[in-house]
Amino acid sequence: MRLDFFKYQAQTSPHPLAMEISHANGSYIYDTNNKAYLDFVAGVSASTLGHNHSKVVNAIKSQLDKYMHVMVYGEYIQKPAVELTKLLAKHLPASLEKTYLTNSGTEAIEGALKLAKRATGRSEIIAANKAYHGNTMGSLSVMGFEERKQAFRPLLPNVKFIEFNKAADLKHITVKTACVILETIQGGAGFIEPKNNYLEKVRHRCNEVGALLILDEIQPGIGRTGKLFGFQHYNCIPDILVTGKGLGGGMPIGAFTASSKLMDLLSDNPKLGHITTFGGHPVIAASALATLQEVTQSTLMEQALEKEQLFRKLLVHPLIKDIRGKGLMLALITPSDAVANDLILKSQDAGLILFWLLFEPKAVRITPPLTISNEEIIKGCAIIIDILNTLQPSK
Ligand SMILES: Cc1ncc(COP(=O)(O)O)c(C=O)c1O
């Protein structure tokens, strides 16, 4: 299998972790030698309720027995998608009422950018340095990391970059700006939270010049930061909210949500303003609905903040310079790329899954399932401390 993986399946890096998976359950993933790995990554913030959560699996199975794909997005009335979008609206401010379901996060970003252009009649987009919004052409155009995009130019014209958290840069948002797109908490950059009412200030500036504000909550959304959406911590409501990853509960999904007034523009002049075959797929929507129900009806969000405190209490070591992030979206900042690499690779050997962040090589990701237990946190943190103790202080 390993040989075939490298021979037939296209790779994204010269050194994939290449763990051969047998099955997964709760907070554990098992390889084909039946070795158990405690999962501190959750498929990169996607497996919100851990692996094979019974409510998610049952929702998927029961939908499979009824029907799978029957029609392209938006034509037929399909209960899972209707209930999912209705439940999202119930937990969002009134201005975020209507949701478009897509197959992935990046596709939802594309839809959001198109909607902003269509609504404002403007073309300029403002994004942030070190932002990550996905890998299709529009999302890549608003990615704030030149090294990973230059090979794919030309990209979208009229995209400008500002520094996240720098209020002085907000003057670049003008009456020419269609939208400002930001991650509520910058992920790839190293889990950078907005500071000094930054998002409020962005909101205010957008209002002044008539630009739309898009917040990308593909990573912080769905309870990970202790509230259902990250923006709820920062007194700033976006015009378009983009979600994905954890919403699917382990299935592929993306979504963008806006007011009815805005969203209805996608069905008019031109009609079919954004279309997809599989978006809103009934099996995926059933999985997402079960996930959203569980996150909103349980105490998992409160627990996320308590679990954060446990991580912070346990992860004290001279090689941990900082712990960034909120709730169960945490990044250990180590002194060097080498320490971060060693920790991630040695943890895997020791049966603990950790992972990198896209643009901050000194960071180590900790984004476990929200369902992780305190005992599992204690066990995983002990592995981390043991490994750090073996690393050279010079690193
Ligand atoms: C903040 C953010 N936006 C967008 C995306 C893209 O989502 P997807 O990989 O589902 O296309 C990601 C994925 O990592 C992300 O973290």
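It should be noted that the structure appears before, not after, this text.
A few points on the structure. Not measured: the values here are computed from a predicted model.

Rules of the game
Residues numbered from 1 in each chain as written. Predicted model: local features only at pLDDT ≥ 70, side-chain atom pairs only at ≥ 80, totals over all residues. Heavy atoms only, no water. Salt bridge = Lys/Arg side-chain N within 4 Å of Asp/Glu carboxyl O. Helix = DSSP H or I, 4+ residues; strand = E, 2+ residues; numbered from the N terminus. Buried < 20%, exposed > 50% of the residue type's maximum accessible area, 1.4 Å probe, protein only. 1 Å grid on protein atoms, 1.4 Å probe; cavity = no way out; pocket = protein on both sides within 12 Å on 5 of 7 lines; lining within 4 Å. Points joined across faces, edges and corners; volume = space filled by probe spheres on them. Nonpolar A, V, L, I, M, F, W, Y, C, P; charged D, E, K, R; others polar. Pairing = 2+ DSSP bridges. Contact = heavy atoms within 4.5 Å. Axes fitted to C-alpha atoms, helices over the stretch in contact; angles between N-to-C directions. Near = heavy atom within 4 Å. Polar contact = N/O pair within 3.5 Å; in protein donor to acceptor, adjacent residues only side chain to side chain. Areas by Shrake-Rupley, 256 points an atom, 1.4 Å probe, with all protein chains shown as cover. Disulfide = S-S within 2.5 Å. Parallel < 35°, antiparallel > 145°, perpendicular 65-115°, else oblique. Left-handed = near helix turned anticlockwise from the far one by under 90°.

Turning our eyes to something else, we now look at the pattern of salt bridges. Summed over the entire model, instances satisfying the criterion amount to 10 salt bridges. The shortest N-O distance in the salt bridge between E294 and K55 comes to 2.9 Å. Placement of E294 in helix α9 (residues 282-297) and of K55 in helix α3 (residues 54-66) is noted, with a sequence separation of 239 residues between them. The salt bridge involving D322 is made with R324; its shortest N-O contact spans 3.8 Å.

So, about the environment of S62. Within the fold, S62 resides in helix α3. On the basis of relative accessibility, which here comes to 35%, the residue S62 falls in the partly exposed class. Taking C-alpha positions, S62 is 8.9 Å from V283, a pair spaced 221 residues apart along the chain.

A few words on the layout of surface pockets. For the second largest pocket, the calculated volume is near 790 Å³. Taken together, 31 residues line the second largest pocket, and the ones lying closest to its centre are Y73, G74, E75, T99 and Y100. In terms of residue count, the dominant contributor to the lining of the second largest pocket is strand β4 (residues 98-102) (4 residues). In terms of residue class, the lining of the second largest pocket is built from 15 nonpolar, 12 polar and 4 charged.

The 4 strands lie next to each other as β11-β12-β15-β14, forming an open sheet whose pairing is antiparallel. The open sheet has two edge strands, β11 (322-326) and β14 (355-356), and neither has a second partner. Pairing between β11 and strand β12 (residues 329-333): 5 bridges, direction antiparallel. When the bridges of β12 are listed, R324 appears paired with A331. Packed on one face of the sheet, helix α10 (residues 300-314) meets β11, β12 and β15 (363-366) and runs near 175° to β11.

This brings us to the site of the ligand. Lining the immediate environment of the ligand, one finds S104, G105, T106, Y132, H133, G134, E183, D216, I218, Q219 and K245. At a separation of 2.8 Å, an oxygen atom of the ligand approaches a polar backbone atom of T106. Take K245: an N or O atom from its side chain is 3.0 Å from an oxygen atom of the ligand. Across the complex, the protein chains shield 80% of the 390 Å² of accessible surface that the ligand would expose by itself. Its residues assigned to classes, the shell around the ligand shows 2 nonpolar, 6 polar and 3 charged.

For the coordinates displayed, the defined rule picks out 0 disulfides. With no disulfide of its own, C236 lies closest to C206 among cysteine sulfurs, the gap being 8.2 Å. The class of C236 is buried, set by a relative accessible area of 2%.

Moving on, we come to the packing of α3 against α9. Running from N to C, α3 and α9 point in directions that differ by 150°, and their axes come no closer than 8 Å. The angle between the axes of α3 and α9 places the two elements in the roughly antiparallel class. Handedness of the α3/α9 crossing: right-handed. The residues of α9 that touch α3, namely those facing K55, V56, A59, I60, Q63 and L64, are P282, V283, A286, S287, A290, T291 and E294. Looking at the contact of α3 with α9 residue by residue, the class counts come to 8 nonpolar, 3 polar and 2 charged.

Now for the sheet that holds strand β1 (residues 21-25). Strand order in the open sheet formed by 4 strands is β1-β2-β3-β13, with mixed pairing between adjacent strands. Among the strands making up the open sheet, the edge pair consists of β1 and β13 (352-353).

Keep in mind that these numbers describe shape and distance, not what the molecule does.
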